[in-house]
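Topology and contacts: notes
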Amino acid sequence: MESTLTARDRVGVQDFVLLENYTSEAAFIENLRRRFGENLIYTYIGSVLVSVNPNKDLEIYSKAHMERYRGVSFYEISPHIYAVSDNTYRAMRTERRDQCILISGESGAGKTEASKKILQYYATTCPVTDHLSTLRDRLVQSNPVLEAFGNAKTLRNDNSSRFGKYMDVQFDFRGAPIGGHILNYLLEKSRVVHQNHGERNFHIFYQLLEGGEQNLLSKLGLERNAQKYQYLVKGCCPRVSSINDKNDWRTVRKALTVIGFHEDEVEDLLNIIASVLHLGNTQFGEGKNGENQITTEPQLKYLSKLLGVDGAALREALTHKKITAKGEEMISPLSFEQAVAARDALAKAVYGRAFTWLVVKINQSLAFKDDVYNSSKGSSSVIGLLDIYGFEVFQHNSFEQFCINYCNEKLHQLFIELTLKSEQEEYEAEGITWEPVKYFDNKIICDLVEGKHKGLISILDEECLRPGEPSDISFLEKLEDTLGGHAHFVTHKLSNGKTRKAVSREEFKLIHYAGEVNYSVNGFLDKNKDLLYRNLKESDMSPLWRFDEALVRHQVKYLGLMENLRVRRAGFAYRRHYETFLQRYKSLCPGTWPNWQGRLADGVATLVQHLGYKPEEYKLGKTKIFIRFPKTLFSTEDSLEARRPALVLTLQTSWRGYRERAKYLRIRQAVIVIQSAWRGMISRQKARRRRHAVDIIRKFIKGFIYRHYEHCPENEYFLDHQRFSFLMMLFRNPPKSVLDKSWPIPPPCLTEASEHLCRLCMRNMMRAYCRRIQPEWKKQMEQKVVASQIFKDQKDSYPQSVPKLFVASRLSRVHSLTQCYGIAVTKYDRRGYKARPRQLLLTSSFAMLVAEAKLKQRIDYATLRSISVSSLSDGFMVLHVPSEDNKQKSDVVLQCDHLIEVVTKLATMADKKIKVNMSQDSITFAVARGKEGVIDFTSGPELKVAKCKKGHLLVTAPKLNP
């Protein structure tokens, strides 16, 4: 880690514990931003890994990366999800204790992807046998199946988990995965029947319609068009460009096979999915006698077939309800609204049970089986993965968001207790003094929700059970009566004038730790009861780049990262019991190895003194040693790893020495003989090389002395060496471009050859340069040459125009339609010099002045005598035409922003050579037959155009190049 600190100004620090200004939230977020800008999405806070979702694929999850982190100490290389995975795995094996990885964050933070990366890491790096390879594949393939049935597109995330998941991965004594178990909770069943705008239903519905074979769809009574199903169009986005439902369908079907689903089980599962879609298209209407009845018979037929129930019983269940009163059962018809609610409740219940059955089947395939693998050699351990809902705040928040956010509140409360409160209590119990950290305890919010009798959930349950006709509004009124004085509960009625507009009459606001959220009470009672009429329950339908600082700041707050960092810096990141610490590291100190006979605390003190711990790096408590910096502990761990080979070597040395000594004595004499012969041969070779070197040096010195003589045997070697050296220098360092005129000075014997080589080299570079010039760039250069010929040293604004490229047209729409050059100009009339906006269009044979899509004037290039411009920086030009031409009444006075470009284009488009007059003071032009006008030019601080007393047009322009 220390090697990366030199680049901290650019990429930040890898561990927030090393952040200099660790109490500043701005510094915390800036460190995240720097690392995110360098595609470094992982950062530590001690043993906590903070991840920022890059929303793009990064090349950091290959098998080579897995091997890089395998068996490496936590802080030895850069932070990564693989480092956490490997550290947890090694802790499980070395400490023989179950471990858990908790993944938390808002929706779209990347929790699901993180859990998949962890499973992939274990599947790839853990030891595995032929018997266990199937289990490894099932662990990995369970993810796409659960994502298809439990994930959906939301406003923040195209693959948002709409259920909570806890997965246990069981390992044997060798560290090989031998089993797994998944616990699901809080499936968002309401998404089956309703989605917010911009969101979708669960992925499996769209995957089935897009990827299912045509005969399968026909068998299920479905069409390959999501727009035709009411449950799939509520969010108005059945198709998403970033989601390939067809490919995902193939992935899910393959995963189901790998997990071990039989074809009849898959068929039953798809029947349930199809039945939900048919339920959504089941419509109700009024019969002949005014009763409510089903009006879509095809859907009813498909439902009875797919669900395996009697059609008449299903019709009765969807239009009537069974009521038990005083021991007697009565059938009561449902109103239209009640029938729709019953239909939706049935769809949610069927899908929820199907999802539960799916998880049960996956667990059966992942379950540890003694008949497959005998684990009697040792006990097994477990690593748990908790993928929890992220905190959700939408434009419309209902019962589902309330449950999700309450879960996050409880999780944050646990985080506070375990990471903050328990840390302080443990240090105090051990007698370690440290700076207390003040933090917000969200227990007050949790009690508001879950408190007995007065908590929000208790009030909701009580309202659902009370006699009479409870409603969502009566529930809200009871909340106001019971919780009216709570600081974290606000309604429209309880709020003041400033905040009342932010809460509607059907909403209540909870001030969570993460922020304020408005919840609509509409549907709270029904969703809490999960209403399903008795006769429906009795029916046998079981089948089976961008870095959002505001968002980052919000998540940093509700995840409690700043509080965690303060504890890590104010307290100690790691602690170990004396016995455990001494037992593990005693071999590093001669005073404690092989056994320590005294008090454990004295043994640990002796050990850390030998290891060179500084006083600020550790403290000794009553039963534990506390280590402040993780790097101190891992430095000790590295020393232990380096020491272990020496311990093993000590035991091996005696036996190997005894065994090898005899062999050594036998071959020693033979080796001496061989060495003598070898050394003699080497010495003779060295002598020959020295003699050869002396001859070469003698020739070189003699050649240097005779270097100015004619070619002779004395200087032959030296001159050849000079030629060779000069040619090799040219070969290795030739001129890089045609502008590079440097050429090394040749020796006298190569002067003529050097001149020829120089000319050939320049000629080849010029030929290559010319071949590389594109036609567009060639045309640009030709126009620049024409502009130079006309305006160089003549026009004041010419130097500023040189680096600017000429464009095809200044009027993009005109160029796209007519393929000619166009520019906006101002035309000055011959009478009164009134300025009129025009568009000047230059074609291959004539120029046009256009206003409001009407042709005002046409000037043929054949009749254009010359063009007059001033030498100042103004944009005026005069087009001179023959006065005897009846079509042209007078010369044309124009002003534009890109004068040099316009004149150059005009000069290059005309077939004949047009003369360009450059005037210093004034330009005279023909107004009509026998009459002339004058434009006077003068220098000034800014561009001005006015009519002077003489009747001339006075143009004042700034001088750009004095």
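Residues numbered from 1 in each chain as written. Predicted model: local features only at pLDDT ≥ 70, side-chain atom pairs only at ≥ 80, totals over all residues. Heavy atoms only, no water.

Re the overall build of the protein
Condition: Helix and strand definitions here come from DSSP, where helices need a minimum of 4 consecutive H or I residues and strands a minimum of 2 consecutive E residues; each element is numbered from the N-terminal end. Every radius of gyration here is taken over C-alpha atoms, with the globule rule written as 2.2 Å times N^0.38, N being the number of residues. Exposure classes here rest on a 1.4 Å probe applied to the protein chains alone. A residue is buried below 20% of its type maximum, exposed above 50%, and partly exposed in between.
Looking only at helices and strands, the protein features 30 helices and 30 strands. Its C-alpha radius of gyration of 43 Å places the protein more than 25% over the 30 Å reference for a compact globule of 962 residues. For the protein, the C-alpha atoms occupy an extent of roughly 120 × 115 × 65 Å along the three principal directions. For the protein, with 962 residues in total, the buried portion stands at 46%.

Details of the nonpolar core
Here is a general trend for soluble globular proteins: nonpolar side chains tend to be buried in one another's company. Under the convention used in this document: Grouping buried Ala, Val, Leu, Ile, Met, Phe, Trp, Tyr and Cys residues that are joined through side-chain atoms within 4.5 Å yields what is termed a nonpolar core. Contacts are residue-level and defined by heavy atoms, with any inter-residue pair within 4.5 Å sufficient.
Within the largest apolar cluster, 93 residues are counted, with the highest numbers of intra-cluster contacts made by Phe149 and Tyr351. No other element matches helix H13 (residues 336-366), which puts 14 residues into this core. Setting aside anything within four residues of it in sequence, one finds Tyr351 in contact with Phe149, Leu187, Val192, Phe202, Ile204, Phe205, Ile273 and Val276. With 31 residues, the next largest nonpolar core counts Tyr798, Leu849, Leu899 and Ile914 among its residues.

Quick look at the UniProt feature "binding site: ATP" (unreviewed entry) in the protein
Defined as follows: UniProt positions are given in the numbering used here, feature names are shortened, and annotations may be inferred rather than shown by experiment.
UniProt feature "binding site: ATP" (unreviewed entry): in the numbering of this structure it lies at Gly105, Glu106, Ser107, Gly108, Ala109, Gly110, Lys111 and Thr112. Mapped onto the secondary structure, Gly108 falls in the loop between strand E3 (99-103) and helix H5 (111-125). Dropping the residues within four chain positions of it, Gly108 is found in contact with Asn53, Arg156 and Asn157.

Examining the pairing of strand E12 (residues 381-387)
For the record, the criterion: At least two DSSP bridges between two strands are needed for those strands to be called paired.
The buried count for E12 comes to seven of seven residues, which makes it a mostly enclosed element. Taking every second residue as pointing to the same face, both faces of E12 are buried, with Ser381, Ile383, Leu385 and Asp387 on one and Val382, Gly384 and Leu386 on the other. Pairing of E3 with E12, which is carried by five bridges, proceeds in the parallel orientation. Each bridged residue has a counterpart across the sheet, and for Ile103 the counterpart in E12 is Asp387. Relative to E12, strand E6 (residues 164-171) runs antiparallel, the two being bridged by seven bridges.

Remarks on the pattern of salt bridges
Just so we agree on the cut-off: The rule for a salt bridge is simple: a side-chain nitrogen of Lys or Arg has to be within 4 Å of a carboxyl oxygen of Asp or Glu.
What the rule picks out here adds up to 36 salt bridges. A salt bridge links Glu463 to Arg466; its shortest N-O distance comes to 2.9 Å. Assessed through its relative accessible area of 2%, Glu463 is described here as buried. For Arg466, a relative accessible area of 31% gives the class partly exposed. When the shortest N-O distance is used, the salt bridge between Lys795 and Asp874 registers 4.0 Å. With Lys795 in the loop between helix H27 (775-791) and helix H28 (798-801) and Asp874 in the loop between strand E23 (866-870) and strand E24 (876-880), this residue pair connects regions lying 79 residues apart in the sequence. On the basis of relative accessibility, which here comes to 4%, the residue Lys795 falls in the buried class. Each of the salt bridges in this network shares a partner with another, and the network as a whole consists of Arg162, Glu188, Arg191 and Glu199.

Things to note about the state of the cysteines
Selection rule: Cysteine sulfur atoms are paired as a disulfide whenever they fall within 2.5 Å.
Counting across every chain of the model gives zero disulfides. Here Cys820 is not cross-linked by a disulfide; its sulfur's nearest cysteine counterpart is in Cys896, at 15 Å. The exposure class of Cys820 is buried, given its relative accessible area of 8%.

Some details on the sheet that holds strand E29 (residues 944-947)
Put simply, the rule reads: Axes here mean lines fitted to C-alpha atoms, for a helix over just the part in contact, with angles spanning 0 to 180 degrees between N-to-C directions.
Here four strands make up an open sheet; going across it, the order is E27-E28-E30-E29 and the pairing mixed. Of all the strands in the sheet, the pair left with one neighbour each is strand E27 (922-928) and E29. The average undirected angle you get between the axes of adjacent strands in this sheet is 20°. When E27 meets strand E28 (residues 931-939), the two strands line up antiparallel, connected through six bridges. In the sheet register, Ser922 faces E28, and the bridge partner there is Asp936.

Digging into the sheet that holds strand E14 (residues 507-511)
Strand order in this open sheet of three strands is E13-E14-E15, and the pairing throughout is antiparallel. Of all strands in the sheet, those with a lone pairing partner are strand E13 (489-491) and strand E15 (516-520), marking the two edges. On average, each strand axis in the sheet is tilted by 25° relative to the strand beside it, whichever way the strands run. Alignment of E13 against E14, held across three bridges, turns out to be antiparallel.

Remarks on the packing of helix H4 (residues 81-95) against H5
For any two helices packed against each other, the geometry comes down to the angle between their axes and how far apart the axes lie. To keep things clear, this is the line we draw: The scheme is simple: roughly parallel for angles under 35 degrees, roughly antiparallel for over 145, roughly perpendicular for 65 to 115, oblique for anything else. Handedness of a helix crossing follows the sense of rotation of the near helix relative to the far helix, less than a right angle counterclockwise being left-handed and clockwise being right-handed. Under this grouping Gly is polar, as are all residues other than the nonpolar Ala, Val, Leu, Ile, Met, Phe, Trp, Tyr, Cys and Pro and the charged Asp, Glu, Lys and Arg.
Between H4 and H5, the shortest axis-to-axis distance is 10 Å and the interhelical angle comes to 55°. Judged by the inter-axis angle, H4 sits oblique to H5. The chirality of how H4 crosses H5 is right-handed. For the pair H4 and H5, the contacting residues are Ile81, Tyr82, Ser85, Asp86, Thr88 and Tyr89 in the first and Ala114, Lys117, Ile118, Tyr121 and Tyr122 in the second. Here the residues of the contact of H4 with H5 sort into seven nonpolar, two polar and two charged.

Details of the packing of aromatic side chains
Put simply, the rule is: Here a Phe, Tyr or Trp ring, Trp counted by its six-membered ring, pairs with any other such ring whose centre lies within 6.5 Å, and the pair is stacked when the planes are under 30 degrees apart, edge-to-face when over 60, and tilted otherwise.
Applying the stated criterion to the full structure yields 28 aromatic pairs. Judged by centre distance (5.2 Å) and plane angle (25°), the rings of Tyr82 and Tyr121 are stacked. Remark: Tyr121 occurs in helix H5 and Tyr82 occurs in helix H4; sequence separation between them is 39 residues. We note that Tyr82, like Tyr121, is buried. On the basis of an interplanar angle of 80° and a centroid distance of 5.8 Å, the ring pair of Phe508 and Phe524 is categorised as edge-to-face.

Regarding the packing of helix H10 (residues 263-280) against H13
Across the interface, H10 lies against H13 with an axial gap of 9 Å and an inter-helix angle of 160°. When the axis of H10 is compared with that of H13, the two are roughly antiparallel. The handedness of the crossing between H10 and H13 comes out as left-handed. In contact with Glu265, Leu269, Ile272, Ile273, Ser275, Val276, Leu279 and Gly280 of H10, H13 contributes Arg343, Leu346, Ala347, Val350, Tyr351, Ala354, Trp357, Leu358 and Lys361.

Section: helix H7 (residues 203-211)
Across the nine residues of H7, eight count as buried, placing the element largely inside the fold. His203, Ile204, Phe205, Tyr206, Gln207, Leu208, Leu209 and Gly211 are the residues of H7 that are buried.

Focus: H10
Operational definition: In this analysis, the expected span of each helix is defined as 1.5 Å times one less than the number of residues it contains.
For H10, with 18 residues, the first-to-last C-alpha span of 26 Å sits near the 26 Å given by 1.5 Å per residue. Taking burial as the measure, the 18 residues of H10 include 14 buried ones, the bulk of the element.

Here we look at the side chain of Ser754
The line we're drawing: Definition of a polar contact: a pair of N or O atoms within 3.5 Å, with one able to donate and the other able to accept a hydrogen when the atoms are protein atoms, and with sequence-neighbouring residues admitted only if both atoms are side-chain atoms.
Checked against the element boundaries, Ser754 lands in helix H26 (residues 751-772). Overall, the relative accessible area of 4% leaves Ser754 in the buried class. At 2.7 Å, the side chain of Ser754 forms a polar contact with the side chain of Trp743. Leaving out residues up to four positions away in the same chain, Ser754 has contacts with Phe726, Trp743, Pro744 and Pro746.

Some words on the pairing of E24
Most of E24 is tucked away, with five of its five residues classed as buried. In E24, alternate side chains face the same way, and those of Phe876, Val878 and His880 on one face and Met877 and Leu879 on the other are all buried. Pairing geometry for E23 and E24, over four bridges, is antiparallel. Residue pairing in the sheet places Ile867 in a bridge with Leu879 of E24. Once E23 ends, the chain turns through five residues before running back antiparallel as E24. Looking at chain direction, E24 and strand E25 (residues 892-895) are connected through four bridges and run antiparallel. Bridge assignment links Met877 to a residue of E25, and that residue is Leu894.

Thoughts on the environment of Ala847
As for its position among the elements, Ala847 is in strand E21 (residues 846-851). Ala847 sits in the buried class, given a relative accessible area of 4%. Discounting residues that sit within four places of it in the chain, Ala847 has contacts with Leu840, Leu841, Leu842, Gln857, Arg858, Ile859 and Tyr861.

Quick notes on a positive patch on the surface
Cut-off, in case you're wondering: Patch membership is restricted to residues that have no salt bridge and whose relative accessible area is over 30%. Joining uses 9 Å for like charges and 5 Å for the nonpolar side chains Val, Leu, Ile, Met, Phe, Trp and Tyr. Computed by Shrake-Rupley with a 1.4 Å probe, the accessible areas treat only the displayed protein chains as cover when residues are assessed. Asp and Glu are treated as the negative residues and Lys and Arg as the positive ones, with His and the ends of the chain left uncounted. Throughout, a charge is located at the NZ atom of Lys, the CZ atom of Arg, the CG atom of Asp or the CD atom of Glu.
A contiguous patch of positive charge, built from Arg684, Lys686, Arg688, Arg689, Arg690 and Arg691, is present on the exposed surface. Within the secondary structure, Lys686 sits in helix H24 (residues 630-705). Overall, the relative accessible area of 39% leaves Lys686 in the partly exposed class.

Let's talk about a nonpolar patch on the surface
Taken together, the side chains of Ile697, Ile701, Phe704, Ile705, Tyr706 and Tyr709 define a hydrophobic patch exposed on the protein surface, amounting to about 630 Å² of accessible area. Take Ile701: it is sitting in helix H24.

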